[in-house]
Amino acid sequence: MTTDLPSIDDIRKDFSLLYKDLAAIPYFAGGGVAAIGGNAFNVSVPGNIPAIAASRYGKGRVLLAGSDRYFNLSEQADETSSTLARNILLWLTDESHTNSGRGNDITGRYADALRGTGKKISLITTSHSFTVSPDLPIELVKSDSWESANLNPQKYAVAYVDSSVKDSDLEALDKYIRLGGSVIVSENNSVLEGITRDTPEHIVLQVGNLRGGRLSRDFAIQKLMNRAGLTLMNRGTDSNGNESKLTPEQSLNHHFMNRFQQGRAVEAGTITYDDIDIGPAGTTESKKRELLYTILSETLETLSTESQLFDWASLEASKLPSATFPISKFQAPYTNALRVFEFSHFTLNPSNKKSPYADQFPGKVADDAFVVNNREVEVDFDFPNMMYTHALPSKNWVSTGLYAPPGKAVTLEVPEGAEHLTVQIGSHDDDLRGASKWERAPLVVNHQKLAPGRNQVNSPYGGLIYLIPLKSKPGVKVKVSISGAVEAPRFVLGETTAEQWEAIRNLPPSVPFAELQGKRIVLTVPSELIRDVSNPEELMQTWDEIYDSYDELVGLHSERAMPHTAHKMNRRYVADVQISSGAMHAGYPIMLPFSYAPNLLDIDYLRSSAWGFWHELGHEYQQRTWTWGDVGEVTVNIFSLYTQERYGNPSELLKVGSDGQDYYDRAISFASSDDPDKKYGSIGNYERLVMFKQLQLSYGWDLYTRIFEAYREMPQSDIQNTVDTFALVASREAGEDLTQFFSQWAIGLTDQGKDKIKALQLPQPQQEMWLLRE
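The model shown is predicted, which means the values in this text are computed figures rather than measured ones.

Calculation notes
Residues numbered from 1 in each chain as written. Predicted model: local features only at pLDDT ≥ 70, side-chain atom pairs only at ≥ 80, totals over all residues. Heavy atoms only, no water. Helix = DSSP H or I, 4+ residues; strand = E, 2+ residues; numbered from the N terminus. Expected span 1.5 Å × (residues − 1). Buried < 20%, exposed > 50% of the residue type's maximum accessible area, 1.4 Å probe, protein only. Contact = heavy atoms within 4.5 Å. Phe/Tyr/Trp six-rings, centres within 6.5 Å; stacked < 30°, edge-to-face > 60°. Lys NZ or Arg CZ within 6 Å of the ring centre and 35° of its normal. UniProt positions renumbered as here; feature names shortened; annotations may be inferred. Lys, Arg positive; Asp, Glu negative; His and termini not counted. Salt bridge = Lys/Arg side-chain N within 4 Å of Asp/Glu carboxyl O. Polar contact = N/O pair within 3.5 Å; in protein donor to acceptor, adjacent residues only side chain to side chain. Pairing = 2+ DSSP bridges. Axes fitted to C-alpha atoms, helices over the stretch in contact; angles between N-to-C directions. Core = buried A, V, L, I, M, F, W, Y, C linked by side-chain atoms within 4.5 Å. Left-handed = near helix turned anticlockwise from the far one by under 90°. Nonpolar A, V, L, I, M, F, W, Y, C, P; charged D, E, K, R; others polar. Parallel < 35°, antiparallel > 145°, perpendicular 65-115°, else oblique.

Our focus in this paragraph is helix H10 (residues 285–300). For H10, which comprises 16 residues, the first-to-last C-alpha distance of 22 Å matches the rise-based estimate of 22 Å (1.5 Å per residue) to within 8%. With 12 of 16 residues buried, H10 is to be regarded as a mostly interior element. Within H10, burial applies to Lys-288, Arg-289, Leu-291, Leu-292, Tyr-293, Thr-294, Ile-295, Leu-296, Ser-297, Glu-298, Thr-299 and Leu-300. Looking at the buried side of H10, the elements it contacts are strand E2 (31–35), strand E10 (230–236), helix H9 (256–268), helix H11 (309–318), helix H12 (333–344) and strand E18 (437–438).

In structure tokens:
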């Protein structure tokens, strides 16, 4: 595809307005953007990722910025920000045909309004938070939706659009721009894809999954920008300085199509990396490869089907030879960016074909695997909002015991009244696109929202099938019928008999992964490993016992009233050939490499040596309300110590290092020091853990039960300074003033925090607690 880029002279004219009275554009951290169309150009590139880009579309204009700070019309805006916002409006309305400045007191050109003739421009938005200073010649109009706003460039000179725009708004906005309207989008777009514990329910339901969305599919704002020749990235901008001052030539150099042509040419050998101007002066060839790959891949992976580049990139990717894993992605920026495009845009479309990489991972499905029809799976919609725990919420996958063969359609019959239900194919939903090397296709899991009636899905990779209810409905259970899938090896505690298990584990596995499900914990492991599991009942009872003990420690129980009710939702461990970070990592599911999987199934190991497994499950219980920066990898190990002690094992803190000291020796030396400049965060995580163990040695494990309970009962307004609040709660629940203890540990207790503890009028501890050890 050949794209004619804007001329240098045109960009120079545009910059005369956009840089008017500005030596440079300030840098505000936010989401990356890109100019991808023939009428698009970059306005600000503070590092290597553009922060502002603009485009002409039809008779209208569009400007896209990765932070709302780039378009600040409020009374609080500083001089530089006000000037930039003014310039953006000058450019957006420079050729406005709205009323030609005549007919009433609303003019289409901001330049006319600024002349002080009493005229204004009209700016419309659906944003509730967007404000305009009353001193500016702008009439701000708030609308409930774009679809119902009766958009007309003759009435509204500019539309301020944010990520709340819906698919149903697209045509109205598209028509408005093409007829001469102007659109400004300015917000941190890099956070759109993430689903967090704070994401509003309506966004979760829009995306249809609790793991995260895709800019290319789930957000109408991306589709609108793609139509206009612009795009949002799912990563943040970078900066080699604090501001950006582009020349027109530099603007074109950063255009996506120019970068793409450079990537293709360098791989074809017609240019070298010395010919590519990317990165600061002196950037090495290896770093240039990385920077070029980042620009190309981050742009391509988020393109929607609305982009003119989408079909072209699909065709280019289809011409590539099959990949051979492992892949070092930076070695071939052009090729591997196209591979990322292909990996990123796979769907569950019923017409899909099997991926050439499916047999490598997740793995082969036997040709003679028995296909099930009309298998009913119950889905319970009665589940709690997990926010009351202040901990990491469970994602609530419902195992079906079925596996979707790659490239084969699976049919799901959903009953009426079962709205807000999603099907997911695959367990291995770690996104490996950020890794420098791929041992497998970086994305192999996908989901699709289901509607009542007949639904068909088809994964190119295949995988275990899960049903995910997203909106709680008290007392509601439904049965979904599944056809076209195959049976996966599965043990369910209390359901699978010993005889059935013997038959399952002695059969050649027909699918690559098996599940063992207890009342609380589910394990997903390579199928060949279950041959060695002779007592799955004891195994899963042990796992449930560990889970139950964590509930016990934090004061949760099924028969207690809220907010102390133990929920029924499960936690999961999934083994993968490659994971996204660390030796293992928490989340839902907890991910671990294949090499650790046999230990998941070893009862003796679970009771004696499974510190890492205990640790990751502990992350699921950490209350973020007292997890400040210095203790993220510390308080999680309260659970590990608790489990270690519960099974009669020696304490991890007594391990002696190469210096001949154990963790207590080093920790107590720190706590005893009179150094006024010492800081808790400067010592190792296990030395920091000693402080929390000393609290347990002084007051018992019940102290932590009371602390967890206190935080669940605490109004959000009372949780402010995290360190101070924790010291206050710990003192109150211990019944003693712990000011000196926490001061010896130098955790950062403020004078205000000390005063709050003093106001409790508690007695002083009878011992120097910071000297305690096992």
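After that view of the structure, there is still more to cover.
Taken as a whole and judged by the stated rule, the model has 46 aromatic pairs. Relative to Phe-343, the ring of Phe-325 lies with its centre 6.4 Å away and its plane at 35°, an arrangement referred to as tilted. A residue pair is termed long-range when its members are at least 10 positions apart, and Phe-325 in the loop between H11 and strand E12 (327–328) and Phe-343 in helix H12 qualify at 18 residues. In this pair, the class of Phe-325 matches that of Phe-343, namely buried. One cation-aromatic arrangement involves Arg-214 over Phe-346; the distance from NZ or CZ to the ring centre is 5.5 Å. In this structure, Lys-473 is placed above the aromatic ring of Phe-381, and the distance from its NZ or CZ to the ring centre is 4.8 Å.

As annotated by UniProt and renumbered to match this structure, "domain: Peptidase M60" (unreviewed entry) occupies residues 395–700. Across residues 395–700 one finds 27% helix and 23% strand; the C-alpha atoms that close the span lie 32 Å apart.

Mapped onto the fold, Asp-737 is located in the loop between helix H23 (722–734) and helix H24 (739–744). Despite its burial, Asp-737 pairs with no opposite charge; the closest candidate is Lys-758, at 8.3 Å N-O. Of note is the side chain of Asp-737, whose polar atom sits 2.6 Å from the side chain of Thr-739. With sequence-adjacent residues up to four places away left out, Asp-737 is seen in contact with Ser-731, Ile-757, Lys-758, Leu-762, Pro-763, Gln-764 and Pro-765.

Within a sheet, each strand pairs with its neighbour through backbone hydrogen bonds, oriented either parallel or antiparallel. The five strands are arranged E24-E25-E26-E27-E28 in an open sheet whose pairing can be described as mixed. Sheet topology places strand E24 (490–492) and strand E28 (590–593) at the edges, where each strand pairs with a single neighbour. Sheet twist, expressed as the average angle between the axes of neighbouring strands with direction ignored, equals 15°. The sheet contact formed by strand E25 (residues 513–517) and strand E26 (residues 521–526) spans five bridges and is antiparallel. Paired with Ala-514 across the two strands is Val-525, which belongs to E26.

Here we come to the nonpolar core. In globular proteins that are soluble, nonpolar side chains generally tend to be buried together. Counting 88 residues, the largest nonpolar core has Trp-543, Phe-692, Phe-742 and Trp-745 as its most contacted members. Ranked by the residues each element gives to this core, the list is headed by helix H15 (residues 536–554), at eight residues. Setting aside its immediate chain neighbours within four residues, Trp-745 contacts Ala-667, Phe-670, Ala-671, Tyr-680, Ile-683, Glu-687, Val-690, Met-691, Gln-694 and Trp-770. Grouped together as the second largest cluster of nonpolar side chains are 65 residues, Val-62, Ala-159, Val-204 and Phe-219 included.

Another aspect to go through is the packing of H15 against helix H19 (residues 636–646). Where H15 meets H19, the axes come as close as 11 Å, and the angle between the chain directions of the two elements is 115°. Relative to H19, H15 is oriented so that their crossing is right-handed. Touching Ser-549, Tyr-550, Glu-552, Leu-553 and Val-554 of H15 are Ile-638, Phe-639, Ser-640, Tyr-642, Thr-643 and Arg-646, all from H19. Tallied by class, residues from the contact of H15 with H19 come to six nonpolar, three polar and two charged.

This part takes up the packing of H9 against H11. Contact geometry for H9 and H11: axes closest at 14 Å, N-to-C directions at 10°. Looking at the two axes, H9 sits roughly parallel to H11. Along the contact surface, H9 presents Phe-256, Met-257, Phe-260 and Arg-264, while H11 presents Leu-309, Trp-312 and Glu-316. For the contact of H9 with H11, the per-class residue count stands at five nonpolar, no polar and two charged.

By the secondary structure assignment, Ser-81 is in helix H2 (residues 79–92). Ser-81 gets classed as buried once you look at its relative accessible area, which sits at 6%. In this structure the C-alpha to C-alpha distance between Ser-81 and Pro-26, which are 55 residues apart in sequence, comes to 8.0 Å. Aside from chain neighbours lying at most four places away, what touches Ser-81 is Phe-28, Arg-69 and Asn-72.

Attention now moves to the pattern of salt bridges. One pass over the full model with this rule turns up 42 salt bridges. When the shortest N-O distance is used, the salt bridge between Glu-249 and Arg-12 registers 3.7 Å. Taken together, the positions of Glu-249 in helix H8 (residues 248–253) and Arg-12 in helix H1 (residues 8–18) put the pair 237 residues apart, joining distant regions of the chain. Residue classification places Glu-249 among the partly exposed positions, given a relative accessible area of 44%. Residue Arg-12 is classed as partly exposed on the basis of its relative accessible area of 41%. For Glu-709, the salt bridge goes to Arg-560, with nearest N and O atoms at 2.6 Å. A residue pair is termed long-range when its members are at least 10 positions apart, and Glu-709 in helix H22 (residues 702–713) and Arg-560 in the loop between H15 and strand E27 (571–576) qualify at 149 residues. We classify Arg-560 as partly exposed; its relative accessible area is 33%. Through salt bridges with shared partners, a single ionic network connects Glu-171, Asp-174, Arg-178, Arg-227 and Glu-306.

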